[in-house]
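# Descriptive structure summary
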Amino acid sequence: MLIDSHCHLDFDALSADLDGVIARMGNAGVSGCVTISTRVEKFEKLKAISEAYDNIWCSIGTHPHNADEELHIHTEDLLRLAEHPKCVAIGEAGLDYHYDNAPRDAQETGFRRHIAAARISGLPLVIHSRSADEDMIAILEEETGKGAFPFVLHCFSSGAELARRGLALGGYVSFSGIVTFKNAAEIQEVAQFVPADRILVETDAPYLAPIPHRGQSNEPAFVRHTAEKLAELRGVDLETLADQTTGNFGRLFAKTGIR
């Protein structure tokens, strides 16, 4: 069985048909998913979704696009909300210089608060990084020097050096449908060198649907196509890749109880 480690079930494209989304996920051999927070102030909806299904979990955090809107959210607030039994991760948080929807200093401030919450709670930090490799590496290495924290570089679309440095710090790397795209040669190369005990799969649904669904609204069931491509790239069968990624998910997202 596969697990979608990152999706957004609270977004309209998926929340309008949650029962159907969950049914199709199961039919595709995907046993569960984590619906990821992008705004702390919308956590109630995520909680309600995760409470309604045994195999759905959630996170708590502020996407870098929204960082300046939630600077009133501090580490203590994240920790308090993360005590919910279905909340299994901190984030997503990080740096996005591609769009620069929030000032970079606000992104960094929010990111460091999330890192502190991951370090204190032991919950994994779900990291969003786009077009910010150098600053991301610098912050991760500086913050790890203050004390290690678990993390995953989600929807990996950065350079190989960020993957290598993140792995050296003990992080995981998660691949989305991007790895199936024809113009994703560099990401496909990264997918081949990530150790078997550090790789995850995700959809980032409703975005980034993999081939053969590219251009459609993505959903957790489609993580199977990403896993099939990863298995091909890594020279293993799908069952092996599923066992590896699900085992990794269980270790990183330990609060889920997946083994």
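Details of the structure are given in the entry above.
An account of the accompanying structure is given in this report.

About the thresholds
Residues numbered from 1 in each chain as written. Predicted model: local features only at pLDDT ≥ 70, side-chain atom pairs only at ≥ 80, totals over all residues. Heavy atoms only, no water. Helix = DSSP H or I, 4+ residues; strand = E, 2+ residues; numbered from the N terminus. Rg over C-alpha atoms; globule rule 2.2 N^0.38 Å. Areas by Shrake-Rupley, 256 points an atom, 1.4 Å probe, with all protein chains shown as cover. Lys, Arg positive; Asp, Glu negative; His and termini not counted. Charge placed at Lys NZ, Arg CZ, Asp CG, Glu CD. Buried < 20%, exposed > 50% of the residue type's maximum accessible area, 1.4 Å probe, protein only. Polar contact = N/O pair within 3.5 Å; in protein donor to acceptor, adjacent residues only side chain to side chain. Contact = heavy atoms within 4.5 Å. Pairing = 2+ DSSP bridges. Axes fitted to C-alpha atoms, helices over the stretch in contact; angles between N-to-C directions. Salt bridge = Lys/Arg side-chain N within 4 Å of Asp/Glu carboxyl O. 1 Å grid on protein atoms, 1.4 Å probe; cavity = no way out; pocket = protein on both sides within 12 Å on 5 of 7 lines; lining within 4 Å. Points joined across faces, edges and corners; volume = space filled by probe spheres on them. Nonpolar A, V, L, I, M, F, W, Y, C, P; charged D, E, K, R; others polar. Core = buried A, V, L, I, M, F, W, Y, C linked by side-chain atoms within 4.5 Å. Parallel < 35°, antiparallel > 145°, perpendicular 65-115°, else oblique. Expected span 1.5 Å × (residues − 1).

### Things to note about the overall build of the protein chain
- Helix and strand counts for the protein chain stand at 10 helices and 8 strands.
- A compact globule built from 259 residues should have a C-alpha radius of gyration of about 18 Å, and the protein chain, at 17 Å, falls within 12% of that.
- Overall size of the protein chain, expressed as C-alpha extent along the three principal axes, is 45 × 40 × 35 Å.
- When the accessible surface of the protein chain is summed, it comes to about 10,400 Å², and 49% of that surface belongs to carbon and sulfur atoms.
- Mean positive and mean negative side-chain charge positions of the protein chain (24 and 38 charges, respectively) differ by 2 Å.

### A word on the side chain of N248
- Its location among the elements puts N248 in helix α10 (residues 238-252).
- By relative accessible area, which is 1% here, N248 ends up buried.
- A polar contact is formed between the side chain of N248 and the side chain of R251, at a distance of 2.2 Å.
- Not counting chain neighbours up to four residues away, the residues in contact with N248 comprise Y172, A196, D197, R198, I199 and L200.

### A few points about the sheet that holds strand β2 (residues 30-35)
- In space, the 8 strands of this open sheet follow the order β1-β2-β3-β4-β5-β6-β7-β8, with parallel pairing throughout. The open sheet has two edge strands, β1 (2-7) and β8 (199-201), and neither has a second partner. For this sheet, the mean inter-axis angle between neighbouring strands, taken without regard to orientation, is 30°.
- Where strand β7 (residues 172-175) meets β8, 3 bridges bridge the pair, whose relative direction is parallel. Across the sheet, the residue bridging to S174 is L200, located in β8.
- Helix α2 (residues 18-27) contacts β2 and β3 (56-60) of the sheet and is inclined by roughly 135° relative to β2.
- Across the sheet, helix α3 (residues 43-52) touches β2, β3 and β4 (87-96), and the angle it forms with β3 is around 160°.

### Some thoughts on the pattern of salt bridges
- Taken as a whole, this structure holds 15 salt bridges when the rule is applied.
- Linking R104 and D100 is a salt bridge whose minimum nitrogen-to-oxygen distance equals 3.0 Å.
- Take R104: its relative accessible area is 42%, and that puts it in the partly exposed class.
- Salt bridges here are not isolated pairs; linked through shared partners, they connect E108, R112, R119, E142, E143 and K146.

### With respect to empty space enclosed by the protein
- For the structure shown, the criterion picks out 1 cavity of 30 Å³ or more.
- Here the largest cavity defines a volume of roughly 100 Å³.
- Every residue lining the largest cavity is counted, 14 residues in all, and those nearest its centre are T62, A67, G110, F111 and H114.
- Elements supplying a minimum of two residues to the lining of the largest cavity: β4 and α5 (104-121).
- Of all the elements, α5 adds the most residues to the lining of the largest cavity, at 5 residues.
- Split into classes, the residues belonging to the lining of the largest cavity amount to 6 nonpolar, 6 polar and 2 charged.

### Remarks on the nonpolar core
- Counting 73 residues, the largest nonpolar core has L9, I60, F111, L125, L140 and F175 as the members making the most contacts within it.
- With 5 residues, helix α9 (residues 223-234) is the single largest residue contributor to this core.
- Ignoring anything within four residues of it in the chain, the contact list for F175 reads F156, I187, V190, A191, V194, I199, L200, V201, E202, T226 and L230.
- Counting residues in each nonpolar core, the second largest holds 13 residues, with W57, L200, F249 and L252 among its members.

### Some details on the packing of helix α6 (residues 133-145) against helix α7 (residues 160-168)
- Contact geometry for α6 and α7: axes closest at 10 Å, N-to-C directions at 5°. Comparing their axes, α7 and α6 come out roughly parallel. Each of D133, M136, I137, L140 and E141 in α6 lies in contact with α7, whose residues at this interface are E161, L162 and R165.
- Of the residues in the contact of α6 with α7, the class split is 4 nonpolar, no polar and 4 charged.

### Let's talk about α10
- Counted at 1.5 Å a residue, the expected span for α10 with its 15 residues is 21 Å, and the 21 Å between its end C-alpha atoms agrees.
- The complete set of buried residues in α10 reads L241, A242, T245, T246, N248, F249, G250 and L252.
- Among the structural elements, β1, β2, β6 (151-153), β7, β8 and α9 are those in contact with the buried residues of α10.

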